[in-house]
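Here are the chains, one letter per residue:
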Amino acid sequence: MRLTKNLPYEWLVGLRYTRAGKRSGRNSFISFISMISMACIALGVAALIIVLSVMNGFQKEVRDRMLSVLSHIEVFDATGSMSNWQQVAVDALQNKAVLGSAPYVAAQAMMTRDEVVHGVIVRGVLPDQEPKVSDVASQIKQGSFSDLKRGEFNVVLGSELARSMHAGIGDKVTLLAPQGQVTPAGVIPRLKQFTVVGIFEAGHYEFDSSLAFIQLEDAEVMFRQSAPSGLRLRIKDMLAAPQVSYELSQSLQPGLYIRDWSQQNSNWFAAVKTEKRMMFIILTLIIAVAAFNLVSTLVMTVTDKQADIAILRTLGATPGSIMKIFMIQGALVGVIGSFVGVLLGVIVALNIDVIVPFIEHTLQVQFLPKSIYVISELPSDLIWSDVWTIGIVAVVLAFLATLYPSWAASRVKPAEALRYE
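Keep in mind it's a predicted model, so treat the numbers as computed, not measured.

(A) Broad picture of the overall build of the protein chain. For the protein chain, the count of helices and strands is 16 helices and 10 strands. Expressed as a percentage of its 421 residues, the buried residues of the protein chain come to 46%. Across the protein chain, contacts joining residues at least 24 apart in sequence account for 80% of those joining residues at least 6 apart. Here the protein chain displays about 22,100 Å² of accessible surface, and carbon together with sulfur accounts for 60% of that area.

Structural data, given as structure tokens:
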């Protein structure tokens, strides 16, 4: 109570107007409208936090699945082959951010089996070194990744690719290389039969449907390369890949090209970033609509309190003080609504893995069926910078909504307001 008494009278009156009046049904109605505005702001803020957290979760899930197959950084030569890859690997590992390296051969080919033809991306790897830079070995669903042995011409297929080729463990598939053989009869495509020894599932359709792994030396023979295409690197923090790439470009020998995972998938990440930005704008408009409901609430309050305003003016209150009273009332509604919305949104975003299954079990529905979607559970990744941004935007919008009604209250003339009182 002592703290309340020490507040300036503008705060005391503003806080009093925010509470429901006991003597007037109209005051109670105005207070009810204020509560509705507060609830709308809270729901808008909570919805925006939840939606952005789910979008961040999907982005993180897809990114992690992509990087389970892709490398964080690739180092390659413009000629298409890197004969000194061992020395480059030693130099790259001098950077403390680099955890592992592995050579690779990358090529495109056609794969056939019976009457089925499919374009594939072939990656030649060393099975004992590939786990240093990717998780493919741990994603094997059938067979064994270690069966990729030199000279045996074995292949590991993505799950969707194996399904479309109707190929299982032990079946034969034929690879057609784009480099043909020139003969007196013309150019004959180079082809080689491979045995399927493994099937992996990364959980990303693009890779599961088009990627095939073969042994490194077999790939060099198949695609007529004298050395690997380059090196694949894994680093401690995948988000630091651009910075590490720059450091490697300064420390490694000249003439090498370096690209990180964000450059390899720049279109996809740009699309996700644009989608997230547009979703933020759309849901912010919902908060804006809720915030500007305060305009009607404050206009009604100003109309109802004209006599009070006139009395305050005759007692010496300045127009600025009157304006401050109603700005405090509206801003208080916005702050409380934003705080409740942030609290609700954070709680739901952090517990969405519990809330969504409960709703699915209660309603007997499944939002992401396993038969249709690769990701069957709704992911969530709460980013606190998004939370603070949303809260601040909501408070600012609520504050802006108070300006005109507060200004109108400060323009009330005491004599006219008290004429019929």
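(B) Seen up close, empty space enclosed by the protein. Summed over all chains, the structure comprises one cavity of 30 Å³ or more. Lining of the largest cavity is provided by I49, L52, S53, N56, L382, I383, D386, V387 and I390. Tallying contributions element by element places helix α3 (residues 25-67) first for the lining of the largest cavity, with four residues. Looking at the lining of the largest cavity residue by residue, the class counts come to six nonpolar, two polar and one charged.

(C) Molecular detail of the pattern of salt bridges. Per the counting criterion, the structure on display carries eight salt bridges. In this structure, E61 and R65 form a salt bridge, with 3.3 Å as the shortest nitrogen-oxygen distance. Here R65 and E61 lie together in helix α3, a separation of four residues that amounts to about one turn. Across the pair R113 and D171 runs a salt bridge, and its minimum N-O distance is 3.6 Å.

(D) View of the nonpolar core. Ranked by internal contacts, the top residues of the largest apolar core, which has 64 residues, are I73, V75, M111, L157, F213, F223 and L248. Once residues lying within four places of it in the same chain are set aside, the contact partners of F223 are A107, Q108, A109, V122, A177, P178, Q179, R190 and I214. Residues I49, A290, V346 and A349 belong to the second largest nonpolar core, which totals 24 residues.

(E) Here's a closer look at unusual backbone geometry. Positive phi, normally seen in glycine, also occurs at F153, with a value near 50°. Positive phi values are uncommon outside glycine, yet R224 reaches one of about 55°. Mapped onto the secondary structure, R224 falls in the loop between α7 (216-222) and β9 (230-235).

What counts, and at which threshold
- Residues numbered from 1 in each chain as written.
- Predicted model: local features only at pLDDT ≥ 70, side-chain atom pairs only at ≥ 80, totals over all residues.
- Heavy atoms only, no water.
- Helix = DSSP H or I, 4+ residues; strand = E, 2+ residues; numbered from the N terminus.
- Buried < 20%, exposed > 50% of the residue type's maximum accessible area, 1.4 Å probe, protein only.
- Contact = heavy atoms within 4.5 Å.
- Areas by Shrake-Rupley, 256 points an atom, 1.4 Å probe, with all protein chains shown as cover.
- 1 Å grid on protein atoms, 1.4 Å probe; cavity = no way out; pocket = protein on both sides within 12 Å on 5 of 7 lines; lining within 4 Å.
- Points joined across faces, edges and corners; volume = space filled by probe spheres on them.
- Nonpolar A, V, L, I, M, F, W, Y, C, P; charged D, E, K, R; others polar.
- Salt bridge = Lys/Arg side-chain N within 4 Å of Asp/Glu carboxyl O.
- Core = buried A, V, L, I, M, F, W, Y, C linked by side-chain atoms within 4.5 Å.

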